[in-house]
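These are the residues of each chain, in order.
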Amino acid sequence: MTDLAEKAAPAAEGSGAPALGLAKAPAGFWCALPMLLLLGLGFLAPLLLVVLYSFMPRGSFSPFGSPTLENYVDIVEQNFHISFAWSLWLALVSTAILLLVAYPLALAITRAAPRRAVLLTVLVVAPLFVAENIRLQGWVLFLDKAGVLDGGLEALFGVGTGSLTNNVPVIVFGLVYIYLPFMLFPMILGLSNVPPDVREAALDMGASRWRMFRDIELPLAAPGVMIGGLLCFVISLGAFSEAKFLGKGVIVTVAQDIESAFTFGQNWPRGSALSVLVILLAGAAVFLAMRRLDLDAMLGRSKA
Amino acid sequence: MTSAPILELRSVEKQFGDLLAVERVSLAIAEGEFFTIVGPSGSGKTTLIRLLVGMDVPTRGEILLRGERINETPANKRPTCMVFQSLALFPHMTVGQNVEYPLKCRGVDPAERRRRAEACLGLAHLATSYYDRPVTKCSGGERQRVALARALAFDPEILFFDEPLSAIDYKLRKTLEKELKDIQRETGKTFVYITHSLEEAMIMSDRIGVMRDGRLVQVGSPREIYKAPESRFVSEFMGEVNTLPVVRRDDGRLFCEPLGVAFDPPPGAAPSRGVLVVRPEDMRFAEDDAEDAIRGEIFNEYLLGSRVQYQVRAGGVTLLVERLRDLERPGGETRLRFDPADSLLFAE
């Protein structure tokens, strides 16, 4: 969600900065003001601090020392690229799986009768009422050695599954499971921009289902699909709990590196440098996607 | 019908749960015919056309295209296509891309596609300069033409229309109706058109099928439908009509209780009690005081372009009379007559 915040703040400042006094500012400025203050204090200021720290000497606890690039050098030299690569890989794979899993569901929800659509939506939303960590711990209890699944099968049939945690696929599973709603809802928004008539017209014109999907449905739903993909990619890039709880240290993600740099390592500048790189990576993805995205189309303003 | 029908329906039915949306519809449409299915909203005409283009499958009965059963053939495998009520243009494409889409689906090469697209735009009276324009930048009338050009580019055996003109303003609609008829003449294609407006149907069609509650209640030429409606529903669907409740007296004449006047019956079948339907244009103001003249009072008049419609109150009934403008009458007391041959009698 950093992408939205980043976009919102400068936009509001740009349109709201009055030359002759605040009283003449448009109503939109006043409505945006509380959020603007919150974002300025709670998002931009800490971000600035992190950037400053990333250029401080190793292990310093002040952001006002003499700037250096040694943290970035350390990151390259001390093989931090491995955790980067894992995070990137996990983010890409889980986003790809989410695209495939969420699309049919989003299609079903947009095309279902209203009452059924509400039911399906509630079913997807319901898990969000339980904290992510608790849900992940639930899966740990379920999948662990002598957990619900293994123990249950052992007791009933004498053959268990052993531990299903402590591997990479289960981390991907966790990411897909946790971030499904973030993919699904933007996708539903995107797909609801595809009029059923237009879909039928393409078929009527002789298009196969695949061609209709490729030429008509996907391009029209693209804004929603891209926002969903972007959200999932950015969030899972910084994901932490899935690898920690389900993966149990089988791999280390960059978010875990950042955490240990700030805690056990007591090396804030290194943690900050890692954070800056993650933010740049996420920012690049957002930038690339946003360049291809028509938000007006997303909001249905330029419908035919 | 001289040749074998291009499209034939045999007792076609479509059921949605408890609702029988289309009930035992049988029909044969000839090659090159402009056939219009007309009915009020909810009469099942849109459901019927969806069966005909292959977007739904009939519950019972058979649909035959040139003698071949196509009940289950999906829309993208049928040599027919439809102009949608919403037009269903592809909003992310230009006019040219829209029109070329059916050709692209068939793998026609780009140069040939462009040539045919431009020809179809021409047929639909759209300049080739529209080719690169996004459809979102086109006006309502232009979009109509793009949708038509796209359907023509498909080169269908039958071209279906689902009320495409219903959202267009009156003047443009009249123009497009005539153009559509011209295009049908020019291309010789079979057009099957759906509308709720009998007026629209009359202007364009070779034959009309009137639908009510999922059934086809009458099929005939516009003249037949107009001159000899087979039911009160069809006669009333034609537009505003006068309906007089009548009872047959012993002398054979039809007595209208509220008016206190007896009329000669129209020729043909003779129920003992029913409704006499007289069109406003068949009512005349009478000078003489004949036995079957209706005494009333003009209390309102509306100018309908070349004609004037009078509302005449007689015995608690409001009657409509339409005359040419130069036959205008002042208000006040008046007498009305009509020729029994112009009236229609339907059993209640």
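Residues numbered from 1 in each chain as written. Chains lettered and ligands numbered in written order. Predicted model: local features only at pLDDT ≥ 70, side-chain atom pairs only at ≥ 80, totals over all residues. Heavy atoms only, no water.

Quick notes on the overall build of chain A
Okay, so step 1: Helix and strand content of chain A: 14 helices and zero strands.
Okay, so step 2: Each helix and strand of chain A, placed in order from N terminus to C terminus, yields the pattern α-α-α-α-α-α-α-α-α-α-α-α-α-α.
Okay, so step 3: A total of 304 residues make up chain A; the buried ones form 41% of that total.
Okay, so step 4: Once local pairs closer than 6 in sequence are excluded, the contacts in chain A between residues at least 24 apart make up 68%.
Okay, so step 5: Carbon and sulfur atoms make up 72% of the accessible area of chain A, which totals about 16000 Å². (Helix = DSSP H or I, 4+ residues; strand = E, 2+ residues; numbered from the N terminus. Buried < 20%, exposed > 50% of the residue type's maximum accessible area, 1.4 Å probe, protein only. Contact = heavy atoms within 4.5 Å. Areas by Shrake-Rupley, 256 points an atom, 1.4 Å probe, with all protein chains shown as cover.)

Considerations on the sheet that holds strand β20 (residues 344-347) of chain B
All names here are of chain B.
Okay, so step 1: Here five strands make up an open sheet; going across it, the order is β13-β12-β11-β14-β20 and the pairing antiparallel. Both edges of this open sheet fall to β13 (261-263) and β20, since each of them pairs with a single strand only. Going across the sheet, the axis of each strand differs from the next one's by a mean of 40°, ignoring polarity. (Pairing = 2+ DSSP bridges. Axes fitted to C-alpha atoms, helices over the stretch in contact; angles between N-to-C directions.)

Quick notes on the pattern of salt bridges
Okay, so step 1: Enumeration over the complete set of coordinates arrives at 37 salt bridges over all chains.
Okay, so step 2: Its salt-bridge partner being E70 of chain A, residue R58 of chain A comes within 3.8 Å of it at the nearest N-O pair. Of the two residues, R58 of chain A is situated in the loop between α2 (27-54) and α3 (70-77) and E70 of chain A in helix α3; the sequence distance between them amounts to 12 residues.
Okay, so step 3: A residue is classified by how much of its surface remains accessible, and R58 of chain A, at 46% relative accessible area, is partly exposed.
Okay, so step 4: With its nearest N and O atoms 4.0 Å apart, the salt bridge here joins R270 of chain A to D74 of chain A. Remark: D74 of chain A occurs in helix α3 and R270 of chain A occurs in helix α13 (residues 268-291); sequence separation between them is 196 residues.
Okay, so step 5: Overlapping salt bridges, with partners in common, bring together E8, R10, E62, R69 and E72 of chain B in one network. (Salt bridge = Lys/Arg side-chain N within 4 Å of Asp/Glu carboxyl O.)

Details of the interface of chain A and chain B
Accessible area lost when the parts come together is the quantity often used to give the size of an interface.
Okay, so step 1: Each partner contributes residues to the interface: chain A has 21 residues there, and chain B has 25 residues.
Okay, so step 2: Taking both partners together, chain A and chain B bury about 1900 Å²; carbon and sulfur atoms supply 62% of that area.
Okay, so step 3: Linking chain A with chain B are one salt bridge, by the criterion used here.
Okay, so step 4: E200 of chain A is the partner of R50 of chain B in a salt bridge, and the nearest nitrogen-oxygen pair spans 2.6 Å.
Okay, so step 5: On the surface where chain A and chain B come into contact, there are seven residue pairs in polar contact (both at pLDDT 80 or more).
Okay, so step 6: At the level of secondary structure, the elements contributing two or more residues to the side of chain A that touches chain B comprise α9 (196-204) and α10 (209-237) of chain A.
Okay, so step 7: Residue composition of the side of chain A that touches chain B, by class: 11 nonpolar, three polar and seven charged. (Buried area = accessible area lost by both parts, 1.4 Å probe. Polar contact = N/O pair within 3.5 Å; in protein donor to acceptor, adjacent residues only side chain to side chain. Nonpolar A, V, L, I, M, F, W, Y, C, P; charged D, E, K, R; others polar.)

A closer look at the layout of surface pockets
The gaps left among the atoms become clear once a water-sized probe is rolled over them.
All names here are of chain B.
Okay, so step 1: As a volume, the largest pocket reaches approximately 510 Å³.
Okay, so step 2: Together, 16 residues line the largest pocket, and E199, M238, G239, E240 and R307 are the ones closest to its centre.
Okay, so step 3: Per-element tally for the lining of the largest pocket: the top contributor is helix α6 (residues 198-204), with three residues.
Okay, so step 4: Across the lining of the largest pocket, the residue classes tally to nine nonpolar, one polar and six charged.
Okay, so step 5: Viewed by domain, the lining of the largest pocket spans two of them, domain 1 (7-233) and domain 2 (241-347), each represented by three or more residues. (1 Å grid on protein atoms, 1.4 Å probe; cavity = no way out; pocket = protein on both sides within 12 Å on 5 of 7 lines; lining within 4 Å. Points joined across faces, edges and corners; volume = space filled by probe spheres on them. Domains from an automatic or database assignment.)

Things to note about the confidence of the model for chain A
Residue and element names in this part refer to chain A.
Okay, so step 1: Considering every residue of chain A, the mean pLDDT works out to 86; 88% of them sit at 70 or more.
Okay, so step 2: Here residues 1-20 is modelled with pLDDT under 50, and outside its nearest four sequence neighbours on either side it reaches 22 contacts, counting other chains as well.
Okay, so step 3: Here residues 300-304 is modelled with pLDDT under 50, and outside its nearest four sequence neighbours on either side it reaches 11 contacts, counting other chains as well. (pLDDT = per-residue confidence, 0-100.)

A closer look at the pairing of strand β2 (residues 19-29) of chain B
Okay, so step 1: As defined by bridge partners, strand β1 (residues 7-16) of chain B adjoins β2 of chain B across seven bridges and the pair is classed as antiparallel. Paired with Q15 of chain B across the bridge in β2 of chain B is L20 of chain B.

A few points about the nonpolar core
Okay, so step 1: Ranked by size, the top nonpolar core spans 113 residues in total, and within it L7, V99, Y101, L159 and F160 of chain B carry the most contacts.
Okay, so step 2: The element best represented in this core is helix α8 (residues 168-191) of chain A, accounting for 14 residues.
Okay, so step 3: Contacts of L7 of chain B, omitting those with residues within four sequence positions, involve L27, A28, I29, L52, I63, L64, L65, I158 and F160 of chain B.
Okay, so step 4: Of all hydrophobic cores here, the second largest spans 23 residues; its members include L244, F263, M283 and L319 of chain B. (Core = buried A, V, L, I, M, F, W, Y, C linked by side-chain atoms within 4.5 Å.)

What about the domain arrangement of chain B?
All names here are of chain B.
Okay, so step 1: Here chain B is described as being made up of domain 1 (7-233) and domain 2 (241-347).
Okay, so step 2: Summarising the inter-unit geometry, the C-alpha centres of domain 1 and domain 2 are found 39 Å apart.
Okay, so step 3: Of the residues lining the interface, six residues belong to domain 1; the matching set on domain 2 comes to six residues.
Okay, so step 4: Carbon and sulfur atoms supply 56% of the area buried between domain 1 and domain 2, which totals about 550 Å² over both sides.
Okay, so step 5: Looking only at domain 1, the three residues that lose the most surface to domain 2 are Y226, P229 and R232, adding up to 83% of its buried area.
Okay, so step 6: Across the contact surface, domain 1 and domain 2 share zero salt bridges.

Section: the packing of aromatic side chains
Okay, so step 1: Under the definition given, this model contains 21 aromatic pairs over all chains.
Okay, so step 2: The interplanar angle of 80° and the centroid separation of 5.1 Å between the aromatic rings of F61 of chain A and W268 of chain A together place this pair among those described as edge-to-face. Taken together, the residues F61 of chain A in the loop between α2 and α3 and W268 of chain A in helix α13 connect sequence positions 207 residues apart.
Okay, so step 3: Classification of W268 of chain A by relative accessible area gives partly exposed; the value is 30%.
Okay, so step 4: Note on W139 of chain A and F173 of chain A: the rings are 4.8 Å apart at their centroids and 85° apart in plane angle, and the pair reads as edge-to-face. Of this pair, W139 of chain A sits in helix α6 (residues 132-143) while F173 of chain A sits in helix α8, and the two are 34 residues apart along the sequence.
Okay, so step 5: With a relative accessible area of 35%, F173 of chain A lands in the partly exposed category.
Okay, so step 6: Through successive ring pairs, a cluster of aromatic residues spans Y53, F61, F262 and W268 of chain A.
Okay, so step 7: In this structure, R106 of chain B is placed above the aromatic ring of F154 of chain B, and the distance from its NZ or CZ to the ring centre is 4.8 Å.
Okay, so step 8: Positioned above the aromatic ring of Y226 of chain B is the side chain of R279 of chain B, whose terminal nitrogen or guanidinium carbon lies 4.1 Å from the ring centre. (Phe/Tyr/Trp six-rings, centres within 6.5 Å; stacked < 30°, edge-to-face > 60°. Lys NZ or Arg CZ within 6 Å of the ring centre and 35° of its normal.)

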